[in-house]
Amino acid sequence: MTLHIDISQASRGGRRIRHAAAAIAAAALLAGSTPDSLSAAQQAQSTEPAESSAESSAQERFQSDVQWLSADEREGRGAGTSGLTEAAHWLAARFEELGLEPAGDSGGFLQALSVRLPGDEIHNAVGIVESEAADRLPGTVIIGAHYDHLGFGGEGSLEPDQHVVHNGADDNASGTAALLEVARGLMLRRDQLRRDIVLVAFSGEEGGLIGSSMFVHAPPQGVELSSVVAMLNMDMVGRLRDDRLAVLGGESAVEWVEIVEPLCVQRDLQCSITDDGFGASDHSSFYAAGIPVLHFFTGAHPEYHKPSDDAALINAAGGVRVADLVLSVAVEMSRREAPLSYVKSERPASEGRMAGGGARLGTIPDYAGSPDGLPGVLLSAVRSGGPAEAGGLRRGDLIVQIDTTVIGDIEDFMMVLQSATPGQKAEITVIRDGERVALDVTYGSRN
């Protein structure tokens, strides 16, 4: 592959020469060569003949990345495991290898998450692909995928009695592998980008969207949330079947269908572009903050949240096709001058992934909790037309008491909802702007 790179112009921050080298390395990867910086496991899987296509090379990279992330040695990438820490540093090294600019703490790629979880500190991995365009546009595009999973099972497992490694090949080693493929493609297209693109590998998703919530509350230096034009999320993209792809969040902006559908058709993908921006993955944190989102998802399967979600079942070719679609959407969004028209959801809400029982409020809890570490349940959003909105609750309220029950955390909150009855009235006390505010709310039905 012949790649012309102009390094004669002055660059922002003096980085163009390093980016040129990174682009050459990315081109070599797409052509099937194996730089010395790749891991031994990757090198062992990069022995295809020179005449192999870039597409087959991408498939092998995708499969290799999924295998590394979902190997038993990673211990299911659960909170408190050494495997989760290893994965964070592996991702930081991969971002650096690809030539992304670091956007984490202290000039590195890792963003520490200040949450109380067992074991070591957990991190997002954050890198930026900087636009080279002379006619840059304001704003940024965010692309994300979570890399954590369930560790040895437990509460989130659908086989909770088995204390064995849950490797999470599809959920979400597949999305993480796709994120790396998108990063490669973006580095080769920097001259086409008119906005910077931020790539984030989130941690803490399985614990309640912790990494994305923290990112929204405290974006890394240089990333202004108010300037984000769209967020693209890849969660479980490794089981493409019959060319069918769910593109969730398609109703979070008026223009999504007209943007995404032609790109799907070009790739022979049958995309179902539906649903608002709330859901049980990291895009929900951004949608709650008023940002149009998409969640790319190849569908549920019997191995979901079970020890059997292994790399041997991954459709690597399908994962690469999804990554290529996301890459094209990202490039389109980086070049689009007109802003997307954000659509606020009018649907009844689930209270989140721990929901159960017979009553609802129409709230979206922020599982990362209060930035100040205060006890209670912080609201990342309130559904339009729901009981919470009717009662006066708002985004940013910290629920600290419901009737006589003190709310210390999400479990207290869910216990109250599970025992509540639709039509029942409750006094909900929140902390708002440092003051306690009591609100009268009537529970709604979960049906």
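How each quantity is defined
- Residues numbered from 1 in each chain as written.
- Predicted model: local features only at pLDDT ≥ 70, side-chain atom pairs only at ≥ 80, totals over all residues.
- Heavy atoms only, no water.
- Helix = DSSP H or I, 4+ residues; strand = E, 2+ residues; numbered from the N terminus.
- Buried < 20%, exposed > 50% of the residue type's maximum accessible area, 1.4 Å probe, protein only.
- Contact = heavy atoms within 4.5 Å.
- Areas by Shrake-Rupley, 256 points an atom, 1.4 Å probe, with all protein chains shown as cover.
- Phe/Tyr/Trp six-rings, centres within 6.5 Å; stacked < 30°, edge-to-face > 60°.
- Disulfide = S-S within 2.5 Å.
- Arc of directions from axis to C-beta.
- Salt bridge = Lys/Arg side-chain N within 4 Å of Asp/Glu carboxyl O.
- pLDDT = per-residue confidence, 0-100.
- Axes fitted to C-alpha atoms, helices over the stretch in contact; angles between N-to-C directions.
- Parallel < 35°, antiparallel > 145°, perpendicular 65-115°, else oblique.
- Left-handed = near helix turned anticlockwise from the far one by under 90°.
- Nonpolar A, V, L, I, M, F, W, Y, C, P; charged D, E, K, R; others polar.
- Pairing = 2+ DSSP bridges.

1. So, the overall build of the protein chain
Next, step 1: Assigned secondary structure in the protein chain consists of eleven helices and 17 strands.
Next, step 2: Relative to its full complement of 447 residues, the protein chain shows a buried share of 56%.
Next, step 3: If you take every contact in the protein chain between residues at least 6 apart in sequence, the share linking residues at least 24 apart comes to 74%.
Next, step 4: Put simply, the protein chain shows about 18100 Å² of open surface, and 50% of that area lies on carbon and sulfur atoms.

2. Things to note about the packing of aromatic side chains
Within a pair of aromatic rings, the relevant descriptors are the distance that separates the centres and the angle that separates the planes.
Next, step 1: Applying the stated rule across the entire model yields seven aromatic pairs.
Next, step 2: Seen from their ring centres, Phe 95 and Phe 109 are 6.1 Å apart, and the 70 degrees between their planes marks the pair as edge-to-face. Here Phe 95, found in helix α4 (residues 82-98), pairs with Phe 109, found in the loop between β1 (101-102) and β2 (110-113); they are 14 residues apart in sequence, far enough to count as distant.
Next, step 3: With centroids separated by 4.8 Å and ring planes inclined at 85 degrees, the aromatic side chains of Phe 278 and Tyr 287 adopt a geometry described as edge-to-face. Exposure class is identical for Phe 278 and Tyr 287. Each is buried.
Next, step 4: Members of the aromatic cluster, connected to one another through ring pairs, are Phe 202, Phe 215 and Phe 286.

3. Comments concerning the state of the cysteines
Next, step 1: As enumerated under the stated definition, the model contains one disulfide in all.
Next, step 2: Residue pairing for Cys 264: its cysteine sulfur links by disulfide to Cys 271, the two sulfurs lying 2.1 Å apart. Residues Cys 264 and Cys 271 are joined by a disulfide whose S-S torsion is about -95 degrees; by sign, that bridge is left-handed. For the pair Cys 264 and Cys 271, a shared accessibility class is recorded, and that class is buried.

4. As for helix α7 (residues 256-266)
Next, step 1: Among the residues making up α7, those that are buried are Trp 256, Ile 259, Val 260, Leu 263 and Cys 264. When α7 is viewed along its axis, its buried side chains cluster within an angular range of 115 degrees and face the same direction. In α7, the exposed positions angled more than 90 degrees off the buried face are occupied by Glu 258, Val 265 and Gln 266.
Next, step 2: The secondary structure elements touched by the buried residues of α7 are β6 (228-234), β7 (244-248), β8 (270-274), β9 (293-297) and α9 (316-335).
Next, step 3: One or two steps after α7, the chain reaches Asp 268, where phi turns positive at roughly 55 degrees.

5. Things to note about the pattern of salt bridges
Next, step 1: Under the defined criterion, the tally for this structure stands at 14 salt bridges.
Next, step 2: The partner of Arg 94 in a salt bridge is Glu 97, and the shortest N-O contact between them spans 3.8 Å. Highlighted residues: Arg 94 and Glu 97, both in helix α4, separated by three residues, approximately one helical turn.
Next, step 3: You can call Arg 94 buried: its relative accessible area is 3%.
Next, step 4: Of the charged contacts, one joins Glu 181 and Arg 184 as a salt bridge, the two residues approaching to 2.7 Å between their closest N and O atoms. One end of the pair is Glu 181 and the other is Arg 184, both in helix α5 (residues 169-188) and three residues apart, which spans about a single turn.
Next, step 5: Classification of Glu 181 as buried rests on a relative accessible area of 9%.
Next, step 6: Members of the salt-bridge network, linked through shared partners, are Arg 61, Glu 181 and Arg 184.

6. A short note on the confidence of the model for the protein chain
Low pLDDT means the predicted atomic positions in that stretch should not be read closely.
Next, step 1: On average, residues of the protein chain carry a pLDDT of 84, and 82% of them reach 70 or more.
Next, step 2: Here residues 1-52 is a poorly scored stretch, pLDDT under 50, and it has 69 contacts once near neighbours within four places are set aside; other chains count.
Next, step 3: Below a pLDDT of 50 lies the segment residues 352-357, which in the model reaches 22 contacts outside its immediate sequence neighbourhood of four places, other chains included.

7. What about the environment of Phe 95?
Next, step 1: Under the relative-accessibility criterion, Phe 95 is labelled buried at 0%.
Next, step 2: Each residue touching Phe 95, except ones within four places of it in the same chain, is listed here: Leu 100, Phe 109, Ala 125, Val 126, Gly 127, Leu 179, Leu 180 and Leu 199.

8. Things to note about the packing of α4 against α5
Next, step 1: Between α4 and α5, the shortest axis-to-axis distance is 10 Å and the interhelical angle comes to 15 degrees. Between α4 and α5, the crossing angle belongs to the class labelled roughly parallel. Considering only the axes of α4 and α5, their crossing is right-handed. Contacts between α4 and α5 pair Trp 90, Leu 91, Arg 94, Phe 95 and Leu 98 from the former with Thr 176, Leu 179, Leu 180, Ala 183, Arg 184 and Met 187 from the latter.
Next, step 2: The residue makeup of the contact of α4 with α5, split by class, is eight nonpolar, one polar and two charged.

9. Observations concerning the pairing of strand β13 (residues 398-402)
Next, step 1: Of all five residues in β13, four are buried; the element is thus mostly enclosed.
Next, step 2: Judged from the two bridges that link them, strand β12 (residues 377-382) and β13 form a sheet pairing that is antiparallel. Note on β13: the bridge partner recorded for Leu 378 is Leu 398.
Next, step 3: In terms of strand pairing, β13 meets strand β15 (residues 425-432) through four bridges, oriented antiparallel. Following the sheet pairing, Ile 402 is matched in β15 by Ile 428.
Next, step 4: A loop of two residues connects β13 with strand β14 (residues 405-406), the two strands running antiparallel in sequence, and Asp 403 in this loop sits at a positive phi of about 55 degrees.

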